Amino acid sequence: MTRYPTLSAMGVTDPKQIERYTLLPNANNETILKVYFNRPDESALPDSKKFVFRQTEGEERLQQALVELNQLARSPMSQQQIRLQLENELLQLEQVMQAKLGELRQRLQNWQ
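Residues numbered from 1 in each chain as written. Predicted model: local features only at pLDDT ≥ 70, side-chain atom pairs only at ≥ 80, totals over all residues. Heavy atoms only, no water.

(A) Focus on the sheet that holds strand β3 (residues 48-54). Here three strands make up an open sheet; going across it, the order is β1-β2-β3 and the pairing antiparallel. Each edge of the open sheet is held by one strand with a lone partner, namely β1 (18-26) and β3. When strand polarity is set aside, the average angle formed by the axes of neighbouring strands in this sheet is 20 degrees. Note that β1 and strand β2 (residues 30-37) share eight bridges and pair antiparallel. Paired with R20 across the strands is Y36, a residue of β2. (Pairing = 2+ DSSP bridges. Helix = DSSP H or I, 4+ residues; strand = E, 2+ residues; numbered from the N terminus. Axes fitted to C-alpha atoms, helices over the stretch in contact; angles between N-to-C directions.)

Take a look at the structure:
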């Protein structure tokens, strides 16, 4: 039996790769749990997964997931580590946006 049954049931295959998580309230009486992973560069797995919990039916499962995530929590990051992480996230976002803009420009050219 796994040490993290809730995370396993949610599809998290390697809990030790979890780097951090965020909780975001949603306007639809939902809470979004976003889990970030520390994956090897050659990994084809996503760097993050998003889970949506409805307040009425998913609160208990969300609480169980948070208990397990807090058990896995690493020591607090230094200011330098936080800065590097933010720079990496910004670079990734810029790359995604550039790719999407290129795709949209290509679609416009093909349309003419």
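(B) A look at the nonpolar core. The biggest cluster of nonpolar side chains holds 15 residues, and the ones touching the most others in it are L7, M10, I18, L33, V35, F51 and L69. Mapped by element, the contributors of at least two residues to this core are β2, β3 and α2 (55-72). Every residue in contact with L69, bar those within four places of it in the chain, is listed here: L7, I18, Y21, L33 and V35. (Core = buried A, V, L, I, M, F, W, Y, C linked by side-chain atoms within 4.5 Å. Buried < 20%, exposed > 50% of the residue type's maximum accessible area, 1.4 Å probe, protein only. Contact = heavy atoms within 4.5 Å.)

(C) Quick peek at the packing of aromatic side chains. Counted under the stated rule, the structure contains zero aromatic pairs. When the ring centre of Y36 is taken as reference, the NZ or CZ atom of R20 above it lies at 3.8 Å. In this structure, R39 is placed above the aromatic ring of F37, and the distance from its NZ or CZ to the ring centre is 4.1 Å. (Phe/Tyr/Trp six-rings, centres within 6.5 Å; stacked < 30°, edge-to-face > 60°. Lys NZ or Arg CZ within 6 Å of the ring centre and 35° of its normal.)

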